[in-house]
Amino acid sequence: MRTAKGFTLVELLIAATMIAILFVGIAAHLRGGLTVWRRATDHGEAAQRMRVALDRLERDVVHAIVYDDRKERYGADGLLPLPGFGSGELRFFTQTVTRSGYPPSLRLVTYQCSPSSATPGLWRTSQAIAEARGNIAPTPEAMLPECAELSLRYAFQLSESSEAPSVMDWRPTWPDDPNEPLRLPRLVEVTIRSAAGRLARRIIAVPVGQFGTPVLPPAEEGAGGGGGA
Amino acid sequence: MRHRRRGSLLVVTLWLVTMLAVLAVAIGRFLSREVRLARYHTVRQQAKAFARGGVYLAMERLRQDAEQDEVDWLADDWASPTPSASESAWLIDVPSAGSATAQRRGTLVIRIIDEERKFNLNASGEAPADPLAAAARRLLSGLDVPSELAARLGDYIDADNEPRDPGGLESDVGQPPSYITKGGPLLSWSELLEIPGMAELKPVTLGALRSHSSVFLGADRHVNVNTVHPDVLVALGFSSNSAQALQLCRNNGTVFTDQATLLTTLEACLGADGLTSEETTLAGTYFATVSNTFTVVSEAVIDDRSPVRARIEAVIRRTGCPSDAEACIVAWVEG
């Protein structure tokens, strides 16, 4: 008598049906997990992009300098663009470390969160001094495509209010008095709101902001080592 | 009769186990990479924070030093901070997180360099016939900076529109992008690269220029006789013998304590040959005994899987600070 081998068609159909039911059940459970995983990944990536953009902005702000403290050197027609710290955009001189063993290169950078080339987002431009003088349009660099709003505040000193003597005196723009000498704020608060409503905020210290315009000691005559020229 | 069964359960099980194992390895590797990145980011932030702290520690040390004595010299507190330190640097152990003393996790190296031992590079912008402009040319020539670049540097800083010899360069608006000189003092090292040809200098030449000259000294043109580099003395017009004798004297512990006794101490230092009348004039014109501007180099190295470094070079000034601050930062570059 021959031994029966294999499965009958009915057995296979039953097995296939059971496996299909099993997989549909598992998939229903997995779909929820995958959705959570995808959302978490998207959220993480968005946070990562915001962090990278803020890191770049922080690097520029930390290295901010006053290139020239004479206001008459700024303006149109071959002069330098005046630095500006607005409530929604930044324009300032900074130093970028490019080559080991060389001084950092001097750049005029701008940041703004607005439509550019019909694409919204946080945009950064960077120019050499000669390019800035020559009004050569820089190529914008997309830092954060989902940026919907860039909000900035600036502080230089503690509040003069007697009610809050230890609170920084935050201002929406810097400098708020055009007659003040060119100098840098000490703190810059950056808030980015994404199109999805996420917020990222960072307070960046400007190390030379305390000084801003260098108060150069005058040449002294005679004693005390005062200078010859 | 023996009934043979040929089920597929074992095959299916093995297949599932294999797939799950592959999935587990993939997830494990992904998570491991993420953890490594997060860890590096954290350690890097810690290193940066330590390096920044090092700069503020140096500021405090400089402030205390100004309170303690009125002279700055190479055996001073800021220059030779601790007996265990290597050459003019502080070595501070960085403890592990949560441990103030126990485990060493890395090192913070802080070095303070007197900017007033250097030549004020902004003196290059004086009129070509000025002794300081000549001194600048001598110094730059000694550092292998081509004479054309020295002339361009002077033209970049001066306010006139006359190119210097040889090879000077004034503003040229003919071809875009225009080259426009600053007509004012350099406020940062970055501006050097704005001068055509400077970026082609070798790093070693730029390093020598940085160690012999400064752009942070404002309108002061003096050098600290207690710390000044011998090459700067030679550039100013001192003879090599006088410069070497002065250095030897300092190495033997002589300190120039004040302006009134400076020349007497200097003559005693230089021995029988003494100073020439020109050198006496130079000493009276350019020498001081205190310094107000310092470069602080703070480098944190944290030992992780591989060392993670953060380096900050800052320039600190002890005078001329706003709001009666006793010290302030005038330059800051993070590496």
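Let us look at the structure shown here. Worth saying up front: this structure is predicted, and the values here are computed from it rather than measured.

1. Points about the overall build of chain B
Phase 1: Counting its regular elements, chain B contains eight helices and nine strands.
Phase 2: For 335 residues, the compact-globule estimate of 2.2 N^0.38 gives 20 Å, and chain B exceeds it by more than 25% at 29 Å.
Phase 3: Overall, chain B is about 125 × 60 × 40 Å in size when its C-alpha atoms are taken along their principal axes.
Phase 4: Counting the 335 residues in chain B, one finds 43% classified as buried.
Phase 5: A separation threshold of at least 6 residues defines the contact pool for chain B, and within that pool the share at least 24 residues apart is 62%.

2. Brief notes about the overall build of chain A
Phase 1: The helix and strand inventory of chain A stands at two helices and 10 strands.
Phase 2: Sequence-distant contacts in chain A: of pairs separated by 6 or more residues, those separated by 24 or more amount to 53%.

3. Brief notes about the sheet that holds strand β10 (residues 199-205) of chain A
All names here are of chain A.
Phase 1: Reading across from one edge, β8-β7-β9-β10 is the order of the four strands in this open sheet, with antiparallel pairing throughout. Only two strands of the sheet have a single partner each, and these edge strands are β8 (168-171) and β10. Averaged over all adjacent pairs, the angle separating strand axes in this sheet is 25 degrees, with direction ignored.
Phase 2: Pairing of strand β7 (residues 147-158) with strand β9 (residues 187-194), which is carried by eight bridges, proceeds in the antiparallel orientation. In the strand pairing of β9, Cys147 is matched with Ser194.
Phase 3: With respect to the sheet, helix α1 (residues 9-62) is in contact with β9 and β10, its orientation differing from that of β10 by roughly 20 degrees.

4. Notes on the pairing of strand β5 (residues 122-127) of chain A
Residues and elements named next belong to chain A.
Phase 1: As paired strands, strand β4 (residues 105-113) and β5 are joined by six bridges and run antiparallel to one another. Bridging from a neighbouring strand, Val109 pairs with Ser126 of β5.
Phase 2: The sheet contact formed by β5 and strand β6 (residues 141-144) spans three bridges and is antiparallel. Across the sheet, residue Arg124 finds its bridge partner in β6, namely Glu141.

5. Some words on the sheet that holds strand β8 (residues 308-317) of chain B
Residues and elements named next belong to chain B.
Phase 1: A sheet is described by the order of its strands in space; here five strands give the open sequence β1-β2-β7-β8-β9, paired in antiparallel fashion. Taken across any chain shown, the strands that pair with only one partner, and hence form the sheet edges, are β1 (89-95) and β9 (328-334). This sheet shows a mean twist of 20 degrees between the axes of neighbouring strands, independent of strand direction.
Phase 2: Strands β1, β2 (104-114), β7 (293-302) and β8 of the sheet are contacted by helix α1 (residues 9-68), whose axis makes an angle of about 25 degrees with β8.

6. Points about the nonpolar core
Phase 1: Leu122 of chain A together with Ala136, Ala314 and Ile316 of chain B are the most contacted members of the largest nonpolar core, which has 121 residues in total.
Phase 2: Not counting residues within four places of it along the chain, the set of residues in contact with Ile316 of chain B comprises Ala58, Met59, Leu62, Phe294, Val296, Ala327 and Ile329 of chain B.

7. Thoughts on unusual backbone geometry
Negative phi values dominate among residues other than glycine, just as trans dominates among peptide bonds.
Residues and elements named next belong to chain B.
Phase 1: In this chain, Asp165 is followed by Pro166 through a cis amide linkage whose omega measures -10 degrees.
Phase 2: Tracing the sequence through the fold places Pro166 in the loop between α3 (147-157) and α4 (203-212).
Phase 3: In the Ramachandran plot, Asp144 falls in the positive-phi region, its phi being about 70 degrees despite a non-glycine side chain.
Phase 4: Note that Asp144 resides in the loop between α2 (131-142) and α3.
Phase 5: Look at Asp144 and you get exposed, because 12 C-beta atoms sit within 10 Å.

8. Some words on helix α6 (residues 240-251) of chain B
All names here are of chain B.
Phase 1: Taking 1.5 Å of rise per residue, 12 residues should cover 16 Å, and α6 covers 16 Å from first to last C-alpha, within 8% of that figure.
Phase 2: For α6, every residue scored as buried is listed here: Ser242, Ala243, Ala245, Leu246 and Arg250. Viewed end-on, α6 has its buried residues packed into an arc of 165 degrees, placing them on one side of the element. Opposite the buried face of α6, by more than 90 degrees, sit the exposed residues Ser240, Asn241 and Asn251.
Phase 3: Where the residues of α6 are buried, they touch α5 (230-236), α7 (262-270) and α8 (277-286).
Phase 4: Just beyond α6, the residue with positive phi is Gly253, at close to 105 degrees.

Basis of the calculations
- Residues numbered from 1 in each chain as written.
- Chains lettered and ligands numbered in written order.
- Predicted model: local features only at pLDDT ≥ 70, side-chain atom pairs only at ≥ 80, totals over all residues.
- Helix = DSSP H or I, 4+ residues; strand = E, 2+ residues; numbered from the N terminus.
- Rg over C-alpha atoms; globule rule 2.2 N^0.38 Å.
- Buried ≥ 20, exposed ≤ 12 C-beta atoms within 10 Å, placed from the backbone.
- Contact = placed C-beta atoms within 7 Å.
- Pairing = 2+ DSSP bridges.
- Axes fitted to C-alpha atoms, helices over the stretch in contact; angles between N-to-C directions.
- Core = buried A, V, L, I, M, F, W, Y, C linked by C-beta atoms within 7 Å.
- Expected span 1.5 Å × (residues − 1).
- Arc of directions from axis to C-beta.

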